[in-house]
Amino acid sequence: MRLATVARVALLLVVTVAGRVTAECPATTFDILAPAATMNTVPDQVEWLVTPTKARVFAKTEGGSVYKSNNAGASWINVTPTLLGTSDSGIGASSAASKNVLQILHQEGSEFMIFQGYGNENWATKDMGDTWIQPCGLPGVSPDACFTSPLTGHEGAALSSLFKMHPTLPMHVLTMTMRAACRLQDMATDTACGQDLMYSADFGQSWTNLTQVSDDRVAGFVDFDWAPPIDGEMDDGKPGILATIYESTAAMADGRAKSWDYNVHFVYSTDLFGTAHNRLLRCGNAFEVLNGDVYVAQLRDCEAFHSNPTSATAKEFPGTDIALQISTDTGKSFKQACFPVALSQRGYTIFDFHTTLGGPDFISIDHDEEDKAEASAPMGNIYSSDDTLQLFSLNMRRNVRYGGNAVDFANVEGVDGVYVANQISDGGFADPSFIAKTKTIEDFVHTRITYNGGGAWQTLKPPVVDNAGAPIVCHAGNTCDLHLHGASHWQRGTWETRLGSVYSQESAPGVILATGNVGEFLSYDAQSVNTYLSRDAGVTWEEILKGPHIYEFGNHGGLIVAAKMASLGPTNKVYFTRDEGLCWEGPITLARPLSVHNIRVDPGGTGDVFIIHGTDSQSTDGDPDGVVYTLDFTRLNEKDPATQAVKAWVYPVCDPAKDYELWTPTPPGPPGACILGRNYTMQRRRRDSRCLNKADFERTETKETVCECNKDFDTECQFGSERRVDFGKCDLMTDTDLTTCPALLGKDLPKSNMRIIAGSKCLDSTGALGKDTFKIGDDKGGTGGGNGSNDKKSSGVGRGFLIFFLVFLSLGGLGAGGFLAYNKYDLQRFVPPQVKSVAQTLKDKVEEMTGRKRYTTPAGYFEPLGDFGGEDI
């Protein structure tokens, strides 16, 4: 009787929260969810692969075992015993294979995959693991259908990169090897030490050494990539290759201890280096291909050096002044990027959110500031390009970054022009507590948002009540804003410390999930952090869960699944919401507690199946087991709490006639304001309709109006200018000489020092920019100062900033994975300290590859230390 009464009372829980919609929340009791798989060690790479004909999920563990699911995670198979040569197979296992698989490599949209090992054994499949291509030379393996080691015939050599399949022709594969001579203790004087580029046209069946094919035109390779596909390129069956190379053994021997080298060149070959290659950029030391664009770091004084190389001295040519060259036509031509702030060789990240448009959206640069405290701080500047891809304006100073892709800068998926970033307060370095070392500079981080592509930034408006409706009391000093964690905390942390970062999905435009706090600055204490949601692209926010949670979108944005983060310890409860956090249904109880590492969904975020993986907290053998739970909402069972009877949980399917609404993205302020010159509406599900979208649901954008240019919403500061205050005027930077950028000479610029943001569709820029102009080179500049005179401190426009490239230029380049050789041989006794450090960084990076996708990653980013795409992290 008591149970029945409790059940009736629990049928509906009514939630009323000030400032939020009143919701009647279902209180369904769900059946216990059993693990879909228990793994021998923790999964550290999860790949959910989808092609037009099939879908597969693969999980690689820290121990190198591989598990596969053919049914979206419902069941899993340990395929490691079928991979001959692994320690689990019992056939041909070697000591080098004790960790089995190092990395799962795949090409988007293709069924071709390569499982790279630690030794000579590598495995491949052309049908996503239905059948396997085994390593050559093992018992029972046909020599006519196997994967040959690129090291075959090169005794003592070692792989120094990951395999790289051609983006559209996966039968073609490249990889790089380090020669046996590099193992010798006299490596510093052995001219034979270098790297060779290996090419396979038959998916690893056979390999060709392209250094040998070059007939001494190439002495050694530094880095490589496939050239962006060009029409007719494969008419002769040979794909194009981009590479950085040494052209003589003497130059290669001389360059081993150098960070940047005047004798490393960026080249292009259309015939696998069978004839003379095309030298695209002399002194092009490092490069990356992103979305078809090519980025190259080139020594600026290259031509001066090569005009008389025999008399050039290290003092005269230190090799530290770097220019960034950008090509949007597959390398046919390059434009030099100009930056208004002096740059030194620390590092940068390129953000390319728009895959179909040429060039980058933003570049994050880590400068080497003169002040010691600032130089050691985890920060950089954010720059945006004009439509020429040559003039980069300063968007934000002191953006939080720790290098590579650990940058607190994220776009809001589905709404162009909206970005969220973390910034170190300009007063942090002068704060007495920082000077006294009672606080670190990380204690002075605040979150900012922009609605005009970085042209102006503002704070986040905090919610006034918490998730239970109680007023949020802020104890901050002068300000009380909402602050959110970014990618850097996720990337730097461990599973015990990570906090969820700003996250959105194109399938749910305008909806943002994040962890953070309300106060003066961002808190890193998990006990002070909660989980927040915005459904209007960051204009307003709600606290939806107490404490930090891990979260994921599904069902075209119709479902959000969340669980307590591992930073708060193990959990056996998972919750979900069908109304963007108004009601959290569940808990769905897990059979065994786990420390949740991540929640994954299909690549588009459109399905109803979520994979939850982490560490089994009840493992007792001293080596934590991995555990995977699969939450499939089409197979979810509910339980009657009175009778314990179990039945299928049934959810309503959305009705197009009543369950959707039109939404217009707008920035804070007066209603009807445009974003990047557009006022448009898009369809989204009503929040109070707790239905689920159909599998074939397609969101529609119904109408668009192009707006007149507005100085607040469509402008940013011109090259060499910056805003000192939010939406303030653009003042010329005092230490910038505009005449140092060739693209500016003779150009007319508005005296307002503003320009229309690249990508804005607004009409009639005169009203926003003003009519008065000045010409670069004249002695009169825009408002706020002159155009910079030559007697001012040199801005060093575009100077060196790529310590991430350092490793490429030693040992003939450790390249996109040189840690393989470093790990296999005791190279640390024979290589420069810089190479040891970066090699270990590469090793750690690959070993931490987890398939975690907890921050909005740009479609491409320039991270020269390794070819790791955003989806792999």
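Worth saying up front: this structure is predicted, and the values here are computed from it rather than measured.

Enquirer: Whenever I open this one, the overall build of the chain confuses me. Can you help?
Expert: Along its length, the chain carries 10 helices and 52 strands. In the chain, which comprises 873 residues, the share counted as buried stands at 60%. Summed over all atoms, the accessible surface of the chain reaches about 33200 Å², with 50% contributed by carbon and sulfur.

Enquirer: Looking at this structure, how should I read the pairing of strand β6 (residues 66–69)?
Expert: Looking down a regular strand, the side chains alternate between one sheet face and the other. Residues Val66 and Lys68 line one face of β6 and the alternating positions Tyr67 and Ser69 line the opposite face, and both faces are buried. In this structure, strand β5 (residues 55–61) lies alongside β6, joined through four bridges in antiparallel fashion. Among the inter-strand pairings, Val57 is bridged to a residue of β6, identified as Ser69. Hairpin geometry of β5 and β6 is characterised by an intervening segment of four residues between the two adjacent antiparallel strands and by a positive phi of about 90° at Gly64. Sheet topology note: the β6/strand β7 (residues 77–78) ladder contains two bridges and is antiparallel. Considered in β7, the bridge of Tyr67 is made with Asn78.

Enquirer: What should I look at first to understand the packing of aromatic side chains in this one?
Expert: The relation between two aromatic rings is expressed through the spacing of the ring centres and the mutual angle of the planes. All chains considered together, the criterion is met by 37 aromatic pairs. A centroid spacing of 5.7 Å and a plane angle of 80° characterise the contact between Phe610 and Phe633, whose relative ring orientation is edge-to-face. Of this pair, Phe610 sits in strand β40 (residues 609–616) while Phe633 is found in the loop between β41 (626–632) and β42 (637–639), placing the two residues 23 residues apart along the sequence. Accessibility classification places Phe610 together with Phe633 in one group, the buried group. Clustering of aromatic rings is evident, with ring pairs tying together Phe30, Phe576, Phe610, Phe633, Trp649 and Tyr651.

Enquirer: Hey, could you run me through the state of the cysteines in this one?
Expert: Tallying each qualifying case throughout the model produces 10 disulfides. Note that Cys25 is cross-linked by a disulfide to Cys583, the S-S spacing being 1.8 Å. Where Cys25 bonds to Cys583 through sulfur, the torsion about that S-S bond is close to -75°, and the disulfide is left-handed. Taken together, the positions of Cys25 in strand β2 (residues 23–26) and Cys583 in the loop between β38 (571–577) and β39 (585–600) put the pair 558 residues apart, joining distant regions of the chain. Taken individually, Cys25 and Cys583 each receive the classification buried, so the pair is uniform in this respect. Paired by a disulfide, Cys474 and Cys480 hold their sulfur atoms 2.2 Å apart. The S-S bond linking Cys474 to Cys480 shows a torsion near 130°; that makes this disulfide right-handed. Under the relative-accessibility criterion, Cys480 is labelled partly exposed at 30%.

Enquirer: When you look at the sheet that holds strand β21 (residues 293–299) in this model, what are you seeing that I'm missing?
Expert: Whenever strands of a sheet pair, they do so through backbone hydrogen bonds, lying parallel or antiparallel. Pairing within the open sheet is antiparallel, and its four strands lie in the order β20-β21-β22-β23. This sheet does not close on itself; its edge strands, each paired only once, are β20 (284–290) and β23 (335–336).

Enquirer: When you look at the pattern of salt bridges in this model, what are you seeing that I'm missing?
Expert: Pairing between side chains of opposite charge can happen when the charged atoms of each approach one another. Per the stated rule, a full pass over the model turns up 31 salt bridges. Here the salt bridges share partners, and the residues they tie into one network are Arg535, Glu542, Glu580, Glu661, Arg684 and Arg687.

Enquirer: Would you take a moment to explain the confidence of the model for the chain for this structure?
Expert: Any region with low pLDDT has predicted coordinates that should not be read closely. The pLDDT averaged across the chain works out to 82; a share of 82% of its residues lies at or above 70. Mean pLDDT across the elements of the chain ranges from a minimum in helix α1 (residues 2–9), with 32, to a maximum in strand β10 (residues 123–125), with 98. Note that residues 1–19 has pLDDT below 50 and, in this model, 23 contacts with residues that lie over four places away or in other chains. Between residues 780–873, whose pLDDT stays under 50, and residues either more than four places distant or in other chains, the model counts 321 contacts.

Enquirer: I keep staring at the sheet that holds strand β9 (residues 113–117) and nothing clicks. Help me out?
Expert: An order of β8-β9-β10 is seen for the three strands of this open sheet, with the pairing classed as antiparallel. Every other strand in the sheet has two partners, leaving β8 (101–106) and β10 as the edge strands with one partner each. Taken over all neighbouring pairs, the strand axes of this sheet differ in orientation by 15° on average, direction set aside. When β8 meets β9, the two strands line up antiparallel, connected through five bridges. Across the sheet, residue His106 finds its bridge partner in β9, namely Met113.

Enquirer: Help me out: how do you make sense of the side chain of Arg179 in this one?
Expert: Examined against the element boundaries, Arg179 turns out to sit in the loop between β13 (173–178) and β14 (195–200). If near-sequence neighbours (up to four positions away) are discounted, Arg179 is found in contact with Ala157, Ala192, Cys193, Gly194, Gln195, Asp196, Thr211, Ala219, Gly220 and Met252.

Enquirer: Teacher, can you tell me more about the pairing of strand β18 (residues 264–269) here?
Expert: In terms of burial, β18 is largely enclosed, as six of its six residues are buried. The alternating pattern of β18 places Val264, Phe266 and Tyr268 on one face and His265, Val267 and Ser269 on the opposite face, and all of these are buried. Strand direction decides the pairing type here: strand β17 (residues 241–246) and β18, joined by six bridges, are antiparallel. Its bridge partner lying in β18, Thr244 is registered against Phe266. Across three bridges, the pairing between β18 and strand β19 (residues 278–281) is antiparallel. Following the sheet pairing, Tyr268 is matched in β19 by Asn278.

Enquirer: Explain the environment of Cys283 here, please?
Expert: Position of Cys283 relative to the elements: it lies in the loop between β19 and β20. Linking Cys283 and Tyr262, residues 21 residues apart in sequence, is a C-alpha distance of 5.0 Å. Residue contacts for Cys283: discarding those within four places in its chain leaves Tyr262, Val264, His265, Ala297, Gln298, Leu299, Cys302 and His306.

Enquirer: How do you make sense of the environment of Phe429 when you look at a structure like this?
Expert: Along the chain, Phe429 falls in the loop between β29 (419–424) and α6 (432–435). With 52 residues separating them along the chain, Phe429 and Ala377 place their C-alpha atoms 9.6 Å apart. With residues near it in sequence (within four places) discarded, Phe429 still touches Ala373, Glu374, Ala377, Met379, Arg398, Ile424, Phe434, Ile435 and Ile441.

Rules and cut-offs
- Residues numbered from 1 in each chain as written.
- Predicted model: local features only at pLDDT ≥ 70, side-chain atom pairs only at ≥ 80, totals over all residues.
- Heavy atoms only, no water.
- Helix = DSSP H or I, 4+ residues; strand = E, 2+ residues; numbered from the N terminus.
- Buried < 20%, exposed > 50% of the residue type's maximum accessible area, 1.4 Å probe, protein only.
- Areas by Shrake-Rupley, 256 points an atom, 1.4 Å probe, with all protein chains shown as cover.
- Pairing = 2+ DSSP bridges.
- Phe/Tyr/Trp six-rings, centres within 6.5 Å; stacked < 30°, edge-to-face > 60°.
- Disulfide = S-S within 2.5 Å.
- Salt bridge = Lys/Arg side-chain N within 4 Å of Asp/Glu carboxyl O.
- pLDDT = per-residue confidence, 0-100.
- Contact = heavy atoms within 4.5 Å.
- Axes fitted to C-alpha atoms, helices over the stretch in contact; angles between N-to-C directions.

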